[in-house]
Amino acid sequence: YVGTAEAAIAAAGADHVAIFKAADHAWRGMFLAVVYPGLLFLAGTVCLPESPRWLVRKQRLPEARAVLLRIRAPAACSAELASIEQALAREARQEHLSWLAGVREILTQRRYVWPFILACLILACTQATGINSILQFMSTILLSAGLGAVATAESAVAIKIVNVVFTVLAILLVERKGRVFLLKLGTGGIALALLLLALIFHRIEAGQSAVQDQLTGLIRHDTLELTLAAPPGQDQQLSVLYAYGEREGHAAVRAPAGGKAVLRIVPRSGADARQPLRIVRALAGPAPPRLTGLMAALCIALFVASFAIGPGICVWLALSELMPNRIRSVGMGIALLINQSVGTAVAFLFLPVVGSHGYAAMFLFWATCSLLYFITVAAFLPETKGKSLEEIERHFERRKSGAPVRAGGGK
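Rules behind the numbers
- Residues numbered from 1 in each chain as written.
- Predicted model: local features only at pLDDT ≥ 70, side-chain atom pairs only at ≥ 80, totals over all residues.
- Heavy atoms only, no water.
- Pairing = 2+ DSSP bridges.
- Helix = DSSP H or I, 4+ residues; strand = E, 2+ residues; numbered from the N terminus.
- Buried < 20%, exposed > 50% of the residue type's maximum accessible area, 1.4 Å probe, protein only.
- Arc of directions from axis to C-beta.
- Contact = heavy atoms within 4.5 Å.
- Axes fitted to C-alpha atoms, helices over the stretch in contact; angles between N-to-C directions.
- Parallel < 35°, antiparallel > 145°, perpendicular 65-115°, else oblique.
- Left-handed = near helix turned anticlockwise from the far one by under 90°.
- Nonpolar A, V, L, I, M, F, W, Y, C, P; charged D, E, K, R; others polar.
- Salt bridge = Lys/Arg side-chain N within 4 Å of Asp/Glu carboxyl O.

Caption draft 1: Structural view of the sheet that holds strand β4 (residues 247-255). Strand order in this open sheet of 4 strands is β1-β6-β3-β4, and the pairing throughout is antiparallel. Each edge of the open sheet is held by one strand with a lone partner, namely β1 (209-210) and β4. Of the strand pairs in this sheet, strand β3 (residues 236-244) and strand β6 (residues 277-286) are connected by 9 bridges, and their pairing is antiparallel. Bridging from a neighbouring strand, Y244 pairs with L277 of β6.

Caption draft 2: Spotlight on the environment of D222. Relative to the helices and strands, D222 resides in the loop between α13 (212-216) and β2 (224-229). In this structure D222 comes out as partly exposed when scored by relative accessible area, which is 24%. Measuring from C-alpha to C-alpha, the distance between D222 and P267 comes to 7.6 Å, with 45 residues separating the pair along the chain.

Caption draft 3: Looking closely at helix α16 (residues 311-322). The complete set of buried residues in α16 reads P311, C314, V315, A318, L319, E321 and L322. Angularly, the buried residues of α16 cover 155 degrees about the axis, an arc narrow enough to put them on a single face.

Caption draft 4: Molecular detail of the side chain of T292. For T292, the position within the fold is in helix α15 (residues 290-309). If we ignore the near neighbours within four places in the chain, the residues touching T292 are A145, I200 and I204.

Caption draft 5: Expanded view of the packing of helix α10 (residues 138-145) against helix α11 (residues 149-177). The N-to-C vectors of α10 and α11 enclose an angle of 130 degrees; their axes lie 9 Å apart at closest approach. Comparing the axis directions of α10 and α11 gives the class oblique. For the pair α10 and α11, the sense of crossing is right-handed. Residue-level inspection shows M138, S139, L142 and L143 of α10 in contact with α11, the latter providing A149, T152, S155, A156, I159 and K160. For the contact of α10 with α11, the per-class residue count stands at 6 nonpolar, 3 polar and 1 charged.

Caption draft 6: Geometry of the pattern of salt bridges. Evaluated as defined, the whole model comprises 5 salt bridges. The closest approach of N and O atoms between R60 and E63, which form a salt bridge, is 2.9 Å. E63 gets classed as partly exposed once you look at its relative accessible area, which sits at 38%. For the salt bridge of R264 with E225, the shortest nitrogen-to-oxygen distance reads 3.6 Å. Of this pair, R264 sits in strand β5 (residues 260-265) while E225 sits in strand β2, and the two are 39 residues apart along the sequence.

The structure is reproduced here in structure tokens:
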């Protein structure tokens, strides 16, 4: 889609209507392409069994046993069913918690405080890796690193294939290697990828100059059009972060050595035309070589693969097992609120930070958060592989009583 759109845009010349139609067609095609895996996802949910715990709660014991027998030996299945029944009976005898009572119980009982803090910290760090911003602005990042539009689109597709492959690999490994092992592997890979990206962009941005003031002086009728000329022997690149009102966008142009290239920023819609064009940040300088762009793409692929094999598959699984039964709904609700709040803050800060300090600063901040994530998982998160929810809850009760417990140990 992108290759066809680029050809149509190049053929359109100064015809802004044709340019917009070509870009619009490409976006429609790209969105249509993700409908098919979505339908496959929907079909897959039909094959999912109900939770054994829910089935026991509904007095559907034969169905619960059948589900457990898929993953447990008969003797272990009977023991786990008995444990579930005992836990549900104990819950039935306890007073039902309101939301406020649940929060009070979490904060006043030590056996609940630690798993709750762990859940909140891990979910906050998951968003603080920058996963959503990197996926959303992947094309912009790769364009700034020196890849062309078509190569950027091809790299993005390849990275998404990597995401699928490593997600499947994580599914195969999660019960063999355990949650903690995969989370340590994933967060370590994420931190390494982000540090490498910070170094790559520090090198790129160190050789560029800020030219937003000069570009602002070239704006005419909320449209910017200029010709970038490159000296012999050196490609030149101009990268512009701009805004029409609240809507921000990115434009980049690369002039080959001894040649010229034209950059146009025009309103894309009627709403844009009613807003003044503002240049947020503009950098000009020697264009990064294609090899630099490929290195950035490989680092993003490492980042996505590490996220898929670690946090992407393990976080919700480990934390749903980690939170004790009595406060699970309230505790996970608060932890999810923190998760979404951090995600919103990262999305809000991404463009302003990049606009003021560059990509290197943003990647370095995410790398620091990822190192904190790795330390939290390695030092404090207990392994939940092969354990029932009751066994995990007893782990934290032993921790409360001061009994020795291995933080990252196995069963």
